[in-house]
Amino acid sequence: MLNDYINHLSFSNLSTYEKCPYRWYLKYIEKREDKAGDSANVGKLGHLFIKAAIAVKMRPDREAFDCLVTDIASGEHPKLTPKERKEAQALYDEYGSANLNALYEWVIYALEVLQTYKKGKVELEKKIDCIIPGIPIPIEMHIDFLSPTAIIDWKTGQNTEPITSHQLGLYAYGAGKAKGVDPATYKKVYAFTGLKKVFEDNKPVQDALDWAVNIYESLEDDLAGYSLIGKGAFRKCPGTACRYCAFKGLCYEEMMGPVELITIPDQIFSHSDAENTAYTILLLEERLKQAKEALEKYCEDNAVIVQAGGEYFGLYPGSVSRTWDKLRIFEAVRNMPSEDVIQIFNIDLRGINKLAKDNEAIRVLIQETVTEERGKPVFKHASKPPKVS
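Residues numbered from 1 in each chain as written. Predicted model: local features only at pLDDT ≥ 70, side-chain atom pairs only at ≥ 80, totals over all residues. Heavy atoms only, no water.

Bringing the overall build of the protein chain into the picture now. Within the protein chain, the secondary structure is distributed over 14 helices and eight strands. The principal-axis extent of the C-alpha atoms belonging to the protein chain is close to 80 × 65 × 50 Å. Here the protein chain holds 389 residues, and 33% of them are scored as buried. The long-range share in the protein chain, meaning contacts at least 24 apart out of those at least 6 apart in sequence, stands at 65%. (Helix = DSSP H or I, 4+ residues; strand = E, 2+ residues; numbered from the N terminus. Buried < 20%, exposed > 50% of the residue type's maximum accessible area, 1.4 Å probe, protein only. Contact = heavy atoms within 4.5 Å.)

Now for the state of the cysteines. Throughout this description, disulfide means a covalent bond between two cysteine sulfur atoms. Scanning the model with the defined rule gives zero disulfides in all. Left without a disulfide partner, cysteine 20 is nearest to the cysteine sulfur of cysteine 237, which lies 5.1 Å away. In this structure cysteine 251 is not part of a disulfide, and its nearest cysteine sulfur, from cysteine 245, lies 6.2 Å away. (Disulfide = S-S within 2.5 Å.)

Looking now at a negative patch on the surface. There is a patch of like negative charges on the surface, built from Asp38, Asp93, Glu94, Glu293, Glu296 and Glu300. Among the secondary structure elements, those contributing two or more residues to the negative patch are α5 (82-96) and α10 (271-302). (Patch = residues over 30% accessible without salt bridge, like charges linked within 9 Å, V, L, I, M, F, W, Y side chains within 5 Å. Areas by Shrake-Rupley, 256 points an atom, 1.4 Å probe, with all protein chains shown as cover. Salt bridge = Lys/Arg side-chain N within 4 Å of Asp/Glu carboxyl O. Lys, Arg positive; Asp, Glu negative; His and termini not counted. Charge placed at Lys NZ, Arg CZ, Asp CG, Glu CD.)

Looking now at the packing of aromatic side chains. Going through the model one piece at a time under the given rule, you end up with 14 aromatic pairs. A ring pair is formed by phenylalanine 49 and tyrosine 92, whose centres lie 6.3 Å apart and whose planes are at 40°; its orientation type is tilted. Taken together, the residues phenylalanine 49 in helix α3 (residues 38-55) and tyrosine 92 in helix α5 connect sequence positions 43 residues apart. Each member of the pair phenylalanine 49 and tyrosine 92 is classed as buried. One aromatic cluster in this structure is built from Tyr5, Tyr17, Tyr22, Trp24, Tyr25, Tyr28, Tyr226 and Phe234. Sitting over the ring of tyrosine 104, arginine 62 keeps its end group 4.4 Å from the ring centre. Its guanidinium or amino end placed over the ring of tyrosine 22, lysine 236 lies 4.9 Å from that ring's centre, counting from NZ or CZ. (Phe/Tyr/Trp six-rings, centres within 6.5 Å; stacked < 30°, edge-to-face > 60°. Lys NZ or Arg CZ within 6 Å of the ring centre and 35° of its normal.)

A separate point is the environment of glutamine 290. Summarising the element assignment, glutamine 290 is placed in helix α10. Judged by its relative accessible area of 38%, glutamine 290 falls in the partly exposed class. Taking the C-alpha atoms as reference points, glutamine 290 and serine 97, 193 residues apart in sequence, are found 25 Å from one another.

With that out of the way, let us pick up the packing of helix α2 (residues 21-29) against helix α8 (residues 205-229). At a minimum axis separation of 12 Å, α2 and α8 run at an interaxial angle of 70°. With respect to each other, α2 and α8 are oriented roughly perpendicular. Residues Pro21, Trp24, Tyr25 and Ile29 of α2 lie in contact with α8, whose contacting residues are Leu219, Asp222, Leu223 and Tyr226. Residues that form the contact of α2 with α8 fall into these classes: seven nonpolar, no polar and one charged. (Axes fitted to C-alpha atoms, helices over the stretch in contact; angles between N-to-C directions. Parallel < 35°, antiparallel > 145°, perpendicular 65-115°, else oblique. Nonpolar A, V, L, I, M, F, W, Y, C, P; charged D, E, K, R; others polar.)

In terms of burial, strand β3 (residues 139-146) is a largely internal element, six of the eight residues being buried. Sheet topology note: the strand β2 (residues 123-130)/β3 ladder contains seven bridges and is antiparallel. From the neighbouring strand, glutamate 123 faces β3, where its bridge partner is leucine 146. For β3 and strand β4 (residues 150-155), the ladder comprises two bridges, and the chain directions are antiparallel. Paired with leucine 146 across the bridge in β4 is isoleucine 151. (Pairing = 2+ DSSP bridges.)

A grouping of Trp324, Ile329, Ile342, Ile344, Phe345 and Ile347 is seen on the molecular surface, where their side chains present a nonpolar patch of about 670 Å² in accessible area. With respect to the secondary-structure elements, isoleucine 329 resides in helix α11 (residues 326-333). The exposure class of isoleucine 329 is partly exposed, given its relative accessible area of 33%.

One finds Leu9, Ile132 and Leu170 to be the most contacted residues of the largest nonpolar core, which totals 47 residues. Counting only elements with at least two residues in this core, the list comes to α1 (11-19), α2, β2, β3, α7 (167-179), β5 (187-192) and α8. For this core, the leading source of residues is α8, giving ten residues. In this structure, leucine 170 is in contact with Phe11, Leu14, Ile132, Met141, Ala208, Leu209, Trp211 and Ala212, ignoring residues within four places of it in sequence. Residues Phe65, Ile72, Phe145 and Ala191 belong to the second largest nonpolar core, which totals 36 residues. (Core = buried A, V, L, I, M, F, W, Y, C linked by side-chain atoms within 4.5 Å.)

Moving on: a positive patch on the surface. Positive charge collects at one region of the surface, where Lys196, Lys197, Arg350, Lys354 and Lys357 lie side by side. When residues of the positive patch are assigned to their parent elements, the largest contribution, three residues, is made by helix α13 (residues 349-357). Structurally, the position occupied by lysine 357 is in helix α13.

Attention now moves to the environment of leucine 195. Looking at where leucine 195 falls in the secondary structure, it is placed in the loop between β5 and β6 (197-201). Judged by its relative accessible area of 26%, leucine 195 falls in the partly exposed class. A C-alpha to C-alpha distance of 8.0 Å links leucine 195 and threonine 156, two positions 39 residues apart in sequence. Apart from the residues lying within four places of it in its own chain, the contact partners of leucine 195 are Gly157, Gln158 and Thr160.

In the predicted model, the protein chain carries a mean pLDDT of 89, and 100% of its residues have values of at least 70. Per-element confidence in the protein chain ranges from a low mean pLDDT of 80 for α13 to a high of 95 for α7. (pLDDT = per-residue confidence, 0-100.)

On to α5, then. Taken together, the buried positions of α5 are Glu84, Ala88, Leu91, Tyr92, Tyr95 and Gly96. For α5, the buried positions fall inside an angular range of 105° around the axis, keeping them on one side. Set apart from the buried face of α5 by more than 90 degrees, the exposed residues are Pro82, Lys83, Lys86, Asp93 and Glu94. Against α3, α4 (62-73), α6 (100-117) and β2 lie the buried residues of α5. (Arc of directions from axis to C-beta.)

This is the structure in structure tokens:
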């Protein structure tokens, strides 16, 4: 029944269904656009940078990276396909400048990881179509890095949830079938370039195959129900993943009704009313985001400023950011009185943790010198509940 709607599966396809069958339905049956967010687009750009750097055997230094940036920004990198060049150039135009340091760190760490896993002939972005037992339609795989001994998937985000998934188990099976080798011989590696950590997946490949078959069978059951009762056969699974779902506005509206019919309460007297009000806020925020995006595009396309209610809407110049040569400033002030120098110090949590990580004496000193002060409680909504103090 599934092959009446799609001609192949993928890990992403199966994972989408596992997290929320209704999202799968909207994306693959109704064919609604599942638009990627900014973080996903930056991650895609990072993957293209890493592929390009590995393909040309880039030296792990800033000068070589700057040459890589020039090639990608101009759409002329020799080792990317024409489609990839165009995509990388467009993504760089939008996200490159703001994420240049992160891209550099991701590329350098990826090159460092290769020193451990690069053995024999290497294939990048290897595409494999594979039939696995129990699923009659092929599973399409795009493997970031494949060597005779290792499979690597680059992860540019901060979330380590992927290490519990069966993605690399499926990839190992597909690569083994394609190469005629035992899938168990591959090291299955998640390389988190943003975290600078590597995790090896030691789960049996058979676990991944069983997982895929179970998802497929559930899909077939839902499709059978769909033929009888329609889209209600695909259940919604509210959770933290909703935050990044392109269809969340639709779900909220289906739950709460059209925006124009929503009543905003002056007071809330029950938990049920509180929950409905929370969904109302999410729906209105989603619609507000869409309105802002539409107005921004209009102002940009027509080079105009719109005045309403005493406010001006339009594209304002970006704020100026400044970066100083800290080493030169340090050399200039190091012999000045400490009470004068201390005023220019800016200590933040990220920097102090990095300093303490490799220096036990500094770590102890930091613990002795830090003071904490909790601010006033703030009402907001986030992806995780507040910590109980």
